[in-house]
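A look at the structure
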Amino acid sequence: MQHTTETDDHFAGARAGMLKEIAQEAAEAAGWTGRSKLRAEVLEAVGRVPRERFIAAGEAAEAYRNRPLPIGCAQTISQPFIVALMSDLCGAGPGKRILEIGTGCGYQAAVLAELGAEVWSIESLPELYEGARTRLRNLKYRQIHLRLGDGTRGWPEAAPFHGIIVTAAAARRVPPALIDQLAAGGALVCPVAEGGSLGSLLGTPTQRLYLIQKDVHGVVSSRDVLPVAFVPLVEGS
Ligand code: SAH
């Protein structure tokens, strides 16, 4: 699937520059993540998504900077490196079933779809849900299913999933329903706030990105991947 067209060719240079920065940051973060390179397919998928179509028209010039951007409703689209890293960690690829919590503008979902995955994505804010629905439909991403609601309950009718991505930070723990809905052999990626850390006591809370894996026997293990900064996951609404 190729969504970038001749009309957005003037972004081609910026897009290539962003991919370079993502690769560089992956190398720099290797001490944390344990891997210096992202899968080549992930970078290719990121390179096919027209990021300028996911943000406010006035921000288009910023679209390919490797940094988060506002998407309305006080929410942000993650930094492209983080989008790429999470896409890689959750194992998205052809034929994989991936659940995303926090559709936002739909950019992360589009990257997962470009990797060949079938995507189920849940957003709790109606305005963002509607915006993502229109945008992803216009871009003809047919293998993305969207739902308006509380993502902490997951999407039981479509479970189990090979991979789950939570793109907002849980306050204390990974929502248990999501772990239940992860297939054996699957991977779940979720930022969790570090309650009680020095940062949180001083008013600058820190978060860690966790990789939760379920082995073929259903045994769950978790690993701390990277310090991150996400908007909060709304829980128990
Ligand atoms: N992945 C998004 C960025 C997400 S920002 C993108 O690519 O644009 C985090 C999103 O999570 C916000 O849109 C926020 O409204 C949503 N969110 C927060 N708590 C949620 C919940 N419990 N269920 C579903 N969505 C939630």
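Scroll up for the structure.
Overview of the structure. Keep in mind that what you see is a predicted model, and the values were worked out from it rather than measured. (Residues numbered from 1 in each chain as written. Predicted model: local features only at pLDDT ≥ 70, side-chain atom pairs only at ≥ 80, totals over all residues. Heavy atoms only, no water.)

This brings us to the sheet that holds strand 4 (residues 118-123). Ordered in space as 5-4-3-6-7-8-9, the seven strands form an open sheet in which the pairing is mixed. Single-partner strands in this sheet number two, and they are strand 5 (144-148) and strand 9 (220-228). Geometrically, the sheet is characterised by an average inter-axis angle of 15° between neighbouring strands, direction not taken into account. Pairing analysis gives four bridges linking strand 3 (residues 97-101) to strand 6 (residues 161-166), with the strands arranged parallel. Considered in strand 6, the bridge of I98 is made with G163. Packed on one face of the sheet, helix 6 (residues 126-138) meets strand 4 and strand 5 and runs near 160° to strand 5. (Pairing = 2+ DSSP bridges. Helix = DSSP H or I, 4+ residues; strand = E, 2+ residues; numbered from the N terminus. Axes fitted to C-alpha atoms, helices over the stretch in contact; angles between N-to-C directions. Contact = heavy atoms within 4.5 Å.)

This paragraph deals with the packing of helix 3 (residues 40-48) against helix 5 (residues 107-114). Two numbers describe how helix 3 lies on helix 5: the axes approach to 8 Å, and their chain directions differ by 125°. The orientation of helix 3 with respect to helix 5, classified from their angle, is oblique. For the pair helix 3 and helix 5, the sense of crossing is right-handed. From helix 3, A45, V46 and R48 reach across to helix 5, where they touch Y107, V111 and E114. Of the residues assigned to the contact of helix 3 with helix 5, the class counts are four nonpolar, no polar and two charged. (Parallel < 35°, antiparallel > 145°, perpendicular 65-115°, else oblique. Left-handed = near helix turned anticlockwise from the far one by under 90°. Nonpolar A, V, L, I, M, F, W, Y, C, P; charged D, E, K, R; others polar.)

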